[in-house]
Amino acid sequence: FGNAAGWMCGYWQWVSGATDNAIYPVLFLDYLLQLFRASQVEDGWIVDDSSWQRFVFLASMVLVLGYLNYMGLQVVGRISVVICVLSLLPFVV
């Protein structure tokens with residue numbers, strides 16, 4: 001298909017990876033907030049959509065996931081197994 005098609009394929013794969021890395025921290029925080037919603041209200045610690053705590057948490061998670069992605073395939077593979085186990089753990093308990 002030529003160099004242009006190869007370049008476009010690589011570029012869109014990179015865009016897909018960057019978007020994918022940004023989605024998971026948002027989902028993780030939303031699930032975490034739903035899980036601890038009652039305790040937040042009781043303790044007075046409420047994280048709304050415009051709070052600086054949310055921004056700091058999401059930005060740090062994106063940076064950590066991006067760094068792990070930068071470290072290479074072996075590290076990403078090991079971390080993926082750990083995340084998979086942690087994700088399935090609530091179903092076991």
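Here we summarise the structure given alongside this text. (Residues numbered from 1 in each chain as written. Predicted model: local features only at pLDDT ≥ 70, side-chain atom pairs only at ≥ 80, totals over all residues. Heavy atoms only, no water.)

1. Some thoughts on the overall build of the chain
For the record, the criterion: Under the scheme used here, helices are H or I runs from DSSP no shorter than 4 residues and strands are E runs no shorter than 2 residues, and both carry numbers assigned from the N terminus. Three labels apply to residues, based on accessible area from a 1.4 Å probe with only protein chains included: buried if under 20% of the type maximum, exposed if over 50%, partly exposed otherwise in between. Any pair of residues with heavy atoms lying within 4.5 Å of one another is described as a contacting pair. Accessible areas in this description were obtained via Shrake-Rupley with a 1.4 Å probe; residue shielding takes into account the shown protein chains only.
Per the secondary structure count, the chain includes four helices and zero strands. From first element to last, N terminus to C terminus, the chain shows the α and β order α-α-α-α. Buried positions account for 11% of the 93 residues belonging to the chain. Sequence-distant contacts in the chain: of pairs separated by 6 or more residues, those separated by 24 or more amount to 57%. About 7,800 Å² of surface is accessible on the chain, with carbon and sulfur atoms providing 72% of the total.

2. Some points on a nonpolar patch on the surface
The condition that has to hold: Two distance rules govern patches: like charges are joined within 9 Å, and nonpolar side chains (Val, Leu, Ile, Met, Phe, Trp, Tyr) within 5 Å, applied only to residues with over 30% relative accessible area and no salt bridge. Between Lys or Arg on one side and Asp or Glu on the other, a salt bridge is scored when a side-chain nitrogen of the former is within 4 Å of a carboxyl oxygen of the latter.
A cluster of nonpolar side chains, Trp7, Met8, Tyr11, Trp12 and Trp14, forms an exposed patch at the surface whose accessible area comes to about 680 Å². Mapped onto the elements, Trp7 comes out in helix H1 (residues 3-35).

3. Quick notes on H1
Here is the rule we go by: The span you would expect from a helix comes to 1.5 Å times its residue count less one.
Between its first and last C-alpha atoms H1 spans 48 Å; for 33 residues at 1.5 Å apiece the expected length is 48 Å, and the two agree. Looking only at H1, the buried set comprises Asn21, Pro25, Leu29 and Leu33.

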